[in-house]
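So you can see what is in the structure, the chains are spelled out below.
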Amino acid sequence: MVVSIQYLFALVCSMLSADRNTVRGGGRLKLVKLGCFAILASVLTPAAAGNFYLGGTAGLMDSDRNGFDDATSAGVLAGWEFFSKDIFHVLAETEFTSTVSDGDLRNGGEKGDWDLDTRAVYLGSRLGDRAYVKVRFGYSWTDLSTDFAGRSRSDSETSLSWGGALGWNFTSHWGMQVDGTLVDSDVTYWNLGLLYRF
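Residues numbered from 1 in each chain as written. Predicted model: local features only at pLDDT ≥ 70, side-chain atom pairs only at ≥ 80, totals over all residues. Heavy atoms only, no water.

### Comments concerning the overall build of the protein chain
Under the convention used in this document: In DSSP terms, a helix is any run of H or I states spanning at least four residues, a strand is any run of E spanning at least two, and both are numbered starting from the N terminus. The buried label goes to any residue with under 20% of its type's maximum accessible area, the exposed label to any with over 50%, and the partly exposed label to all in between, with areas taken from a 1.4 Å probe on protein chains only. Whether two residues touch is decided by their heavy atoms; if any such pair falls within 4.5 Å, the residues are in contact. Residue exposure ignores everything except the shown protein chains as possible cover, and the areas themselves are Shrake-Rupley values with a 1.4 Å probe.
Along its length, the protein chain carries 3 helices and 9 strands. Counting from the amino terminus, helix and strand elements in the protein chain follow one another as α-α-α-β-β-β-β-β-β-β-β-β. For the protein chain, the proportion of its 198 residues judged to be buried stands at 45%. By sequence separation, contacts in the protein chain at least 24 residues apart represent 59% of the contacts at least 6 residues apart. When the accessible surface of the protein chain is totalled, it reaches about 9900 Å², and 61% of it is carbon and sulfur.

Structure (structure tokens):
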């Protein structure tokens with residue numbers, strides 16, 4: 001069990017630290033990476049049965065930058081609750097998101113668009129069983145691309161990331177949550193997630 005979990009997180013960390021040029025390579029590559037991560041996690045889940053969960057998320061990337069309208073993103077979430085006592089749980093999570101619909105970018109009458117890909121790791125806690133509150137704190141790697149006034153620009157950044165969620169486990173395996181996480185210094189990912197607990 002320990003070896004499989006360590007293997008999973010070692011592979012996740014290698015993906016998180018991948019060179020920016022390999023992470024960004026078109027929408028098809030982004031989806032392939034998200035899909036590979038989900039497949040990898042599902043293969044290794046028997047090792048952490050009962051404590052491991054996978055989820056899919058979808059929502060808005062809300063930027064505080066002037067002229068940046070919301071972008072629509074989707075992601076894959078994997079977590080492991082490694083300590084539990086009554087209704088208190090301590091967890092580790094990793095999440096990947098990618099833009100599925102670019103946000104509009106406006107400035108001085110000019111128009112363009114932007115997108116943001118994120119990779120993050122978190123430690124957090126969950127209070128409650130069927131209905132719960134969750135908080136998490138960690139580190140994120142972001143890749144921002146803009147296409148404005150005929151010029152394309154890309155920028156990578158690392159920063160602290162934190163957020164919270166309200167969730168409801170409607171069966172022993174299935175649940176959903178509403179989450180808000182600051183993934184960049186001025187971008188918040190507001191999303192709805194569907195989770196499956198093994």
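This is not the end of the story, as more comes after the structure.
### Looking at the environment of Leu91
On the secondary structure map, Leu91 appears in strand β3 (residues 88-101). Taking C-alpha positions, Leu91 is 5.5 Å from Trp80, a pair spaced 11 residues apart along the chain. Among all residues touching Leu91, those that are not within four sequence positions of it are Tyr53, Trp80, Glu81, Phe82, Tyr122, Leu123, Gly124, Ser125, Arg126 and Lys134.

### Remarks on the environment of Thr181
Worth spelling out the cut-off: By the criterion applied in these results, polar contacts are pairs of N or O atoms within 3.5 Å in which, for protein atoms, one can donate a hydrogen and the other can accept it, and in which residues neighboring in sequence qualify only through two side-chain atoms.
Mapped onto the elements, Thr181 comes out in strand β8 (residues 174-184). The class for Thr181 is buried, based on a relative accessible area of 0%. Along the sequence, Thr181 and Val135 sit 46 residues apart, while their C-alpha atoms lie 9.4 Å from each other. At 2.7 Å, the side chain of Thr181 forms a polar contact with the side chain of Asp179.

### Digging into the packing of aromatic side chains
Heads up, the condition is: Centres within 6.5 Å make a pair out of two Phe, Tyr or Trp rings, where for Trp the six-membered ring is used; the pair is then stacked when the planes are under 30 degrees apart, edge-to-face when over 60, and tilted otherwise. Charges are assigned to positions over rings by a cutoff of 6 Å between ring centre and Lys NZ or Arg CZ, combined with an angular limit of 35 degrees from the ring normal.
All told, the structure shown has 7 aromatic pairs when counted by the stated rule. Aromatic pair Phe137 and Trp162: ring centres 6.2 Å apart, planes at 20°, arrangement stacked. Of this pair, Phe137 sits in strand β6 (residues 131-148) while Trp162 sits in strand β7 (residues 151-169), and the two are 25 residues apart along the sequence. Centre to centre, the rings of Tyr139 and Trp141 are 5.2 Å apart; their planes meet at 85°, and the pair counts as edge-to-face. Note on Tyr139: relative accessible area 34%, which makes it partly exposed. Look at Trp141 and you get partly exposed, because its relative accessible area is 22%. Aromatic rings pair up to connect Phe52, Trp174, Tyr196 and Phe198 into one cluster. Sitting over the face of the ring of Tyr132, Arg126 holds its NZ or CZ atom 5.2 Å from the ring centroid.

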